[in-house]
Amino acid sequence: MTLRFTKMQGLGNDFIVLDGVRNPIALDAAQVQQLGDRHFGVGFDQLLLVEPAQQAGHDFRYRIFNSSGEEVEHCGNGARCFLKFVRDQGLTDKRELAVETARGVIYPKLEDNGEVTVDMGPPELHAAEVPFLAEHEAVIHPLQVGDEVFDITAVSMGNPHAVQVVDDVDTDLVQRVGPLIEKHARFPRKVNAGFMQIVSRDAIKLRVYERGAGETLACGTGACAAVVAGIQRGLLNGRVRVSTRGGDLTIAWAGGDAPVLMTGPAVTVFEGVINLPEA
Ligand SMILES: N[C@@H](CCC[C@H](N)C(=O)O)C(=O)O
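Predicted model only: the values in this text are computed from it and were never measured.

The rules we used
Residues numbered from 1 in each chain as written. Predicted model: local features only at pLDDT ≥ 70, side-chain atom pairs only at ≥ 80, totals over all residues. Pairing = 2+ DSSP bridges. Helix = DSSP H or I, 4+ residues; strand = E, 2+ residues; numbered from the N terminus. Right-handed = clockwise from strand over helix to strand, strands pointing away. UniProt positions renumbered as here; feature names shortened; annotations may be inferred. Buried ≥ 20, exposed ≤ 12 C-beta atoms within 10 Å, placed from the backbone.

1. Thoughts on the pairing of strand β12 (residues 192-200)
Point 1. Of the pairings in the sheet, the one linking strand β11 (residues 160-165) to β12 comprises five bridges and is parallel in character. Within β12, the residue paired with Q164 across the bridge is F195.
Point 2. As a crossover connection, the stretch from β11 through helix α3 (residues 173-182) into β12 is right-handed.
Point 3. Note that β12 and strand β13 (residues 203-210) share seven bridges and pair antiparallel. By the bridge assignment, S200 is partnered in β13 with A203.
Point 4. The hairpin turn running from β12 into β13, its antiparallel successor, is two residues long.

See the structure below:
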C-alpha cells in the first residue's frame with residue numbers, strides 16, 4: 001500500500017496527516033506503530049486521519065492514533081494542524097469548521113495572523129466521566145504512586161488528564177513518575193500526566209507525559225486541562241499563557257460549561273510518500 005502523508009507540527013508535537021476523504025484509509029495498530037517508528041518509519045507522536053463527516057452540518061471527521069497504535073479521543077495541537085491541512089489540500093476553503101471527534105464536535109478557526117483558535121468544548125470534571133476511580137468528587141485527589149503521593153486534578157478534555165502542580169517543571173519528575181501515572185490503576189483508560197509550574201496567575205510552564213506517546217514537546221489538550229485544573233484550584237485567571245518545551249499556547253476558559261479556547265500555531269514540515277505492507 002502506498003500512502004501519501006503530510007508531516008506537520010504544533011509546538012513540536014508532531015504528526016502525519018492522512019487524507020481519508022479522497023482515499024479511504026484503514027490502518028491497524030501494527031501499521032500505525034510501523035509508520036510512527038522514528039527509525040523504520042516516518043516518526044510522529046500522533047497520526048491524524050481526515051474523514052468525511054458522519055452527520056449533516058459538520059465538515060469533517062477527525063480520528064487520532066497515538067504512536068503506540070491505539071485510537072484515542074482527542075488531540076489539541078493536532079486540531080490546529082487539521083484545519084491547516086484541509087485548507088492547504090483544497091478539501092475546504094472555510095476559515096471555521098465543525099469537526100467530529102470521538103467525543104463531541106470541536107470548532108477550529110483560522111485567525112488573521114495564521115494561528116488557529118480551537119473551541120475545544122467544555123471540560124469534564126466528574127471523576128466517572130474522565131474516567132478516574134474516586135469515592136467522591138473533589139478538585140484535588142491524593143494519588144498514591146509507589147511510596148509517593150501526588151495531588152492530582154482529574155480532567156477530561158475528551159481525553160483523560162491528571163494534572164499536578166510542581167515547584168519546578170525542569171526536574172526528572174516527568175520522566176520518573178509520568179509513565180507510572182499514565183498506567184495507574186485508578187485511570188481505567190490510562191491517562192496523560194501533566195506537570196504544571198505556576199509562574200503567575202496568567203502564565204504557567206507545562207510538561208506532559210502523554211498516554212501512548214511518552215513525553216511530547218507540547219500537548220494541546222494537556223494545556224487546556226492544566227489551565228482548567230489551575231482555575232479550579234483558584235491559582236489562575238481565565239486567560240493563561242502556557243509555555244511548553246516546544247513553544248507557547250494561549251488557553252482561555254470562563255468556567256462551568258463554557259468551552260475551553262486554545263490558540264496557537266500549526267506548521268507543515270514536509271510531504272511524502274511511504275510504502276506500507278498490507279495488513
Ligand atoms: N498531543 C495531543 C494529545 C494526543 C492524545 C493523547 N496522547 C491521549 O492519548 O489522550 C494534544 O495536543 O492534545
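2. Remarks on the UniProt feature "binding site: substrate" (unreviewed entry) in the protein
Point 1. When the UniProt feature table is mapped onto this chain numbering, "binding site: substrate" (unreviewed entry) sits at N13, Q46, N66, G76, N77, N159, N192, E210, R211, G220 and T221.
Point 2. If you trace the backbone, Q46 turns up in strand β3 (residues 46-52).
Point 3. Along the chain, E210 turns up in strand β13.

3. Concerning unusual backbone geometry
Point 1. For the bond running from V130 to P131, omega is -5°, close enough to zero to count as cis.
Point 2. Following the sequence through the fold, P131 ends up in the loop between β8 (116-119) and β9 (141-145).
Point 3. Not every positive phi belongs to a glycine, and L11 is a case in point at roughly 60°.
Point 4. With respect to the secondary-structure elements, L11 resides in the loop between β1 (2-10) and β2 (13-19).
Point 5. Taking the C-beta count within 10 Å as the criterion, L11 has 26 such neighbours and is therefore assigned buried.
Point 6. Despite not being glycine, K190 has its phi angle at roughly 65°, a positive value.
Point 7. Within the secondary structure layout, K190 lies in the loop between α3 and β12.
Point 8. What makes K190 partly exposed here is the crowd of 17 C-beta atoms within 10 Å.

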